[in-house]
Amino acid sequence: MAAARPLDGPKAALSAAYWVFVLYLLGPLLLMTAMSFKAAEFIAFPIGETTLDWYAKVVHDGQFLSAVGYSILIAAATTLFATVIGTWIALVVSAESLWLRSLVFALACLPAVVPGMIQAISVRIFIATLDVPTGTGAIIFGHTLHAVPFVMIMALTRLRTMPGSLVDAARDLGADPVVAFLRVTLPYLKPALYGGMIFCALLSIDDFVRTFFLGGYRTTLPMLIFARLQGGMSPEINAMATLVLLTTAVVGLYAEQLTRKARTR
Amino acid sequence: MGDIKTTRRSAIKLLGASAAGFLAAPAILRSRSAFAQSNVLNITTYDKFIPADFLEKFQADTGITVNIRLTDDQGKQYNLLTAEGANPSTDIVTVVGHRFSQFIGSNLLAPLDTARIASWNSLIPAYQQADWLTTDGKTWGLPILAGFECLARNTDYVEDTGSWDVMFADANKSATSYIVSDFLSITMRYLGDDGDYVTYVDKPDVAQAATNKARDFLIQHKDKVRKYYDAGSEIQQMFINEDVYVAQGWSGPISKLIMDGHPIAISVPKEGTYGFVYTLNVVNNAPNADNAYKFIEAVAASPEVGAAMTRQSGFTSTFAGVEAILDEKERAASTLPADQVERITFFSSVNRDMKNEMVDRATAEIKAA
Amino acid sequence: MTSLPADTTHRAETGAKAPASAPRYAPGYGRLMRSPFYRATLGLLAENRAARLAVFIGVPLLWIAIAHVGPIVQLVRISLLQTYPITDGSSPSYTFANYWAFLSEPLYSLPLMRSVVFAFCVTLVTLIVVYPVAYYVAKIVRPQNRTRALLLLLIPFWAGEVIRTFSVIMLLANRGALNVLLREIGLIDRPIPMLYNYFSLSFGVIYLVCLYMLLPLYSALEKIPNHLLDAAADLGAGPFTRLRRIILPLSKDGIVSGCSLVFLTTIGVFATPILLGGPSTGLFPETIAAFFHGASDKWPVGAAMAVVMLAASLGLAALFMRLVGGKRSARFL
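The rules behind these values
Residues numbered from 1 in each chain as written. Chains lettered and ligands numbered in written order. Predicted model: local features only at pLDDT ≥ 70, side-chain atom pairs only at ≥ 80, totals over all residues. Helix = DSSP H or I, 4+ residues; strand = E, 2+ residues; numbered from the N terminus. Buried ≥ 20, exposed ≤ 12 C-beta atoms within 10 Å, placed from the backbone. Contact = placed C-beta atoms within 7 Å. Pairing = 2+ DSSP bridges. Right-handed = clockwise from strand over helix to strand, strands pointing away. Core = buried A, V, L, I, M, F, W, Y, C linked by C-beta atoms within 7 Å. Expected span 1.5 Å × (residues − 1). Bend = angle between axes of the 7 residues up to and from the residue. Nonpolar A, V, L, I, M, F, W, Y, C, P; charged D, E, K, R; others polar. pLDDT = per-residue confidence, 0-100.

K.L.:
Go over the overall build of chain A, please, and point to the residues and values.
P.N.:
Helix and strand counts for chain A stand at 11 helices and zero strands. Going from the N terminus to the C terminus, chain A shows its helices and strands as α-α-α-α-α-α-α-α-α-α-α. Residue burial in chain A is summarised as follows: out of 265 residues, 59% are buried. Partitioning the intrachain contacts of chain A with sequence separation of at least 6 by distance along the chain shows that 77% fall at a separation of at least 24.

K.L.:
Can you tell me about the pairing of strand β2 (residues 65–71) of chain B, naming the residues and giving the values?
P.N.:
Residues and elements named next belong to chain B. Taking burial as the measure, the seven residues of β2 include five buried ones, the bulk of the element. Judged from the seven bridges that link them, strand β1 (residues 40–46) and β2 form a sheet pairing that is parallel. Bridging across to β2, Thr44 finds its partner in Arg69. The handedness of the β1 to β2 crossover, carried by helix α2 (residues 52–62), is right-handed.

K.L.:
How would you summarise the nonpolar core if you had to cite specific residues and measurements?
P.N.:
The biggest cluster of nonpolar side chains holds 291 residues, and the ones touching the most others in it are A:Phe150, A:Val151, A:Ala155, C:Ala134, C:Leu214, C:Leu217 and C:Ala306. Sorting elements by how many residues they give to this core places helix α8 (residues 177–205) of chain A first, with 18 residues. Among all residues touching C:Ala134, those that are not within four sequence positions of it are C:Leu214, C:Leu217, C:Tyr218 and C:Leu221.

K.L.:
Can you lay out helix α6 (residues 136–160) of chain A for me, pointing to particular residues and giving the numbers?
P.N.:
Residue and element names in this part refer to chain A. Helix length check: α6, at 25 residues, gives a terminal C-alpha distance of 36 Å against a target of 36 Å (1.5 Å per residue), a fit within 8%. Considering bend angle alone, the principal kink of α6 is centred on Ala147 and spans about 30 degrees; proline Pro149 follows within four residues of it. In terms of burial, α6 is a largely internal element, 23 of the 25 residues being buried.

K.L.:
So what's going on with the interface of chain A and chain C? Which residues, and what values?
P.N.:
Across the boundary between the two partners, chain A contributes 95 residues, which contact 91 residues of chain C. At 15 residues, helix α1 (residues 11–35) of chain A tops the list of elements feeding residues into the side of chain A that touches chain C. Along the lines of polarity and charge, the residues of the side of chain A that touches chain C split into 73 nonpolar, 12 polar and 10 charged.

K.L.:
Explain the confidence of the model for chain C to me, using residue names and the numbers behind them.
P.N.:
Residues and elements named next belong to chain C. In this model, chain C carries an average pLDDT of 81, and 83% of its residues clear a pLDDT of 70 or more. Confidence, read as mean pLDDT per element, is least for helix α1 (residues 17–20) in chain C (40) and greatest for helix α10 (residues 198–209) (93). Low pLDDT, under 50, characterises residues 1–26; the stretch is placed with 33 contacts to residues that sit more than four places away or in other chains. Reported for the predicted complex are a pTM of 0.84 and an ipTM of 0.83.

In structure tokens:
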């Protein structure tokens, strides 16, 4: 497929806008990375003496490594559940014949609007009344319910423009509703769902307050960072963040490389 | 994203797996986690309050597995315990002295049986019988670290005047910072009133008048404020970045700045200030109360533990013999000249409801002004 | 990817090819379709409309009832209580006074107004800033490089809210990167105070939420068929005509959902405004949090404020969807 050539004139301007935006996103983080090499207890300009000690400390910090692992576990589970549930709700809401649609939509949006701490407290009290203990399950529950509206809105956006004729055609060809969904609707939703999944993982991995209220004694990464921050913003925290960023970048690029290969083959 | 390719097959697998997980969710949620086991102890505390070496030794000596949940402020601890109600998931919490009444009032703490703690006498005597530590004739916690509301200034830009005046000086326009609720008490004291409301029992009119006076004074001087802050890390960063030159702060975070070599000085102005103490408390209905007592006993047993706590947090230790262990720089950052120490009054636990009510309200009004 | 005849209005890159290539995957599905359990279940569902509806609607409704509504009901209950926690033995007493506290006090309603206006401005600015970026990635970057162009924008978000907020502080502080740079090149003598005002607040919040605009916009723009744009250009439509007549209308869905996500997220954001805001920029979540975090415990009032905020932001988002989204979005509301 050849690259489109719309808006030929302003193309350069758009390109500039993109790169300025990249600078906006990456610039501050590059500062953070630079600070992670500072040989002092606190981050400050000028950086002065540099050291790799903070990295050595972080890499050998069992608490950090287990926190990262635990965060990934929770994020993966959250992404899985929230994507399925969010998509399902989107399908229900997009069904023309349902008169409850608007109510369901509004209720489904609720968790996105409640400020984190209030949601955390209300969920904590709620699961206490159900006699469900805190711990990993409760954290995943809390994160999932927070992420569901994001998936749903993403999926809905795409579902709305899906020509109904596609599903009809599949049905005409003998597919039952489930197969029609898996073969037609789901692939059509794919780009929106990837976006939704990214939201899920991000919301979960960055969540502090829900985890604090719903969790047990295993520390997630944001909890560790918040607690360490109590003693001051040290280059050690920057080193942690840099490592996390580097890892995500490498994983992301690797995955991109894989799909690229798969496509050219 | 449109370019990442999944086959229908993997989509089905994914869906199947998630469906299975969804059905199994109740089972996962219901698996009772182990808060109440014979050899476990659950502690909620601040990062770096409990030294890692000590923790390791304690676990090895007693065979008790210690779980630590880190918190970063009193409010979260209180909210968590309140939300958990009668079945707490934690045995020891770290409460600051003047918040006692709130925790006790909500039935969240158990009184401490000091007779069960052999090392109780290693506390500096003044802390053993501190009046804020006892309510209804019961003792409520083991004091571990003491701090005070200090005046912190950047020595490159601000002269020492020995008074809180400097926080309201025109020269420091947009260059000060404080925690509103804490500084309101200090301002009341600065203006000649009782910032801790101890003498205002049953005198709400007097209390309200004094509160409003301080509130209006702070609103009048709002142009001096660069930012109201909440956390120690914020004020540290503001000093380092030279966004503020003078501020009210807690002694711990400010001491840490001094230990790291920043041009910051700490003092207690002549009008005086308030102090506070962090204590370890046994939770009401704690699932492992016996282990909690063993832990508290061990903390108090050795001044080395106290020294490590001071080094890490910047606050002053409450145990005898700790000062001798600290090096000169650490001692200088965490201790004060005797005449300034005498200006510190510890926050009381009397008349808290009235104080909290009025201070919270005035805080909102100052921020909104 | 299979390409489609050019006359299909909706290119629907993956969806449309599915019926045409159906036989390719038939074996796997066939086995599923032939399995007796599956057939029986499906048969039952096909015959029984009630059962079909129950499964299709029941599962999500159950989730919403338990996970979404349950905790909110708790919240509403607390907001109507006189005191919380309820002391042992006493029975709870209910009151509307907590809501009255909000209505009667400009002290509390003012921050809500401020939050709404602020969220509105942030949403607008984010849309204007992010739209060209999303367009560039979706339509100008060559398809094989798109994922990379997106990755570059995605990676910064994994650093987490606290780290990203502190990095903004290190950029804008009096001794931050920008001021140091400006001083080095001799443009200024004294640092420009950039932190702790509406500028730093917006800078930091947009930094945090712009992804919620980017992805919906990308997903909407990406599916606009290129040949539509080409055709318009061939017919002599200039760039702005094309933007106004084709691109904007066809990406409206993305604009609506992006704006809703950004608006809803911004109105509830808590930590960043506290770290980056100034003495007079307090937003509503901070007000609410004060009731939970303050020394005098007033959960009921805080809960009432939270309920007010919920209602207000949901209502505004709905209004917005109706106004901007027009009839098509109104399908959901």
